[in-house]
Amino acid sequence: MDRTRFFVRTSAIYALIGAFIGSHMAGGGGYQLSAIHAHILVVGWLSLFAFAMFYKVFNIPKDSKLSKFHVWSSFIGVFGLTAGMWLYYTQPISGLEIFNLVFFIVGGTVLMLAFIAFAIMAFTYGKWITEE
């Protein structure tokens, strides 16, 4: 799998979703989705794009288990956090309040594990992270 391409394409989708929500809020004059909009853009677009550039610029081994964990936990975590946040704040289906809360918490937890994996990689593969 090309990690850079995967992250860039996924981040582009989140950028479109975030821009659409922002446009919708501005046009409608209601800002109830502002937290969701911000998280989609920050963790969905910016973080995934930054991860793409990390893998493009630095020679992180493709067979690294930590790298594979980072890629998939980032993807699942961003989706879980943002979708869970939307479910939690909008409650589109009554009776699923606990499910929505758990979805939100699990998504955020998986994303936190992805950021921890990223921090570990930054130090584990530090010899490849250089200006030279």
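Anything mentioned here points back to the structure above.
Residues numbered from 1 in each chain as written. Predicted model: local features only at pLDDT ≥ 70, side-chain atom pairs only at ≥ 80, totals over all residues. Heavy atoms only, no water.

(A) Helix 2 (residues 34–57), seen in detail. With 24 residues, helix 2 ought to run about 34 Å at 1.5 Å a step, and its terminal C-alpha atoms sit 33 Å apart, in line with that. Regarding helix 2, the residues found buried are Ile-36, His-37, Ile-40, Val-43, Gly-44, Ser-47, Leu-48, Phe-51, Ala-52, Phe-54 and Tyr-55. Summarising the contacts, the buried residues of helix 2 are in contact with helix 1 (3–28), helix 3 (65–90) and helix 4 (97–124). (Helix = DSSP H or I, 4+ residues; strand = E, 2+ residues; numbered from the N terminus. Expected span 1.5 Å × (residues − 1). Buried < 20%, exposed > 50% of the residue type's maximum accessible area, 1.4 Å probe, protein only. Contact = heavy atoms within 4.5 Å.)

(B) Examining the pattern of salt bridges more closely. Applying the stated criterion across every chain yields a total of 1 salt bridge. Put simply, Arg-5 and Asp-2 hold a salt bridge, and the shortest N to O gap is 3.6 Å. Judged by its relative accessible area of 45%, Arg-5 falls in the partly exposed class. (Salt bridge = Lys/Arg side-chain N within 4 Å of Asp/Glu carboxyl O.)

(C) Quick look at the nonpolar core. Among the nonpolar cores identified, the biggest contains 24 residues, and Phe-7, Tyr-55 and Ile-60 are the most heavily contacted of them. Elements with a minimum of two residues in this core: helix 1, helix 2, helix 3 and helix 4. Broken down by element, the residue count for this core peaks at 8 residues, all from helix 2. When sequence neighbours within four positions are dropped, the list of residues in contact with Tyr-55 reads Arg-3, Thr-4, Phe-7, Ile-60, Ser-67, His-70, Val-71 and Met-121. (Core = buried A, V, L, I, M, F, W, Y, C linked by side-chain atoms within 4.5 Å.)

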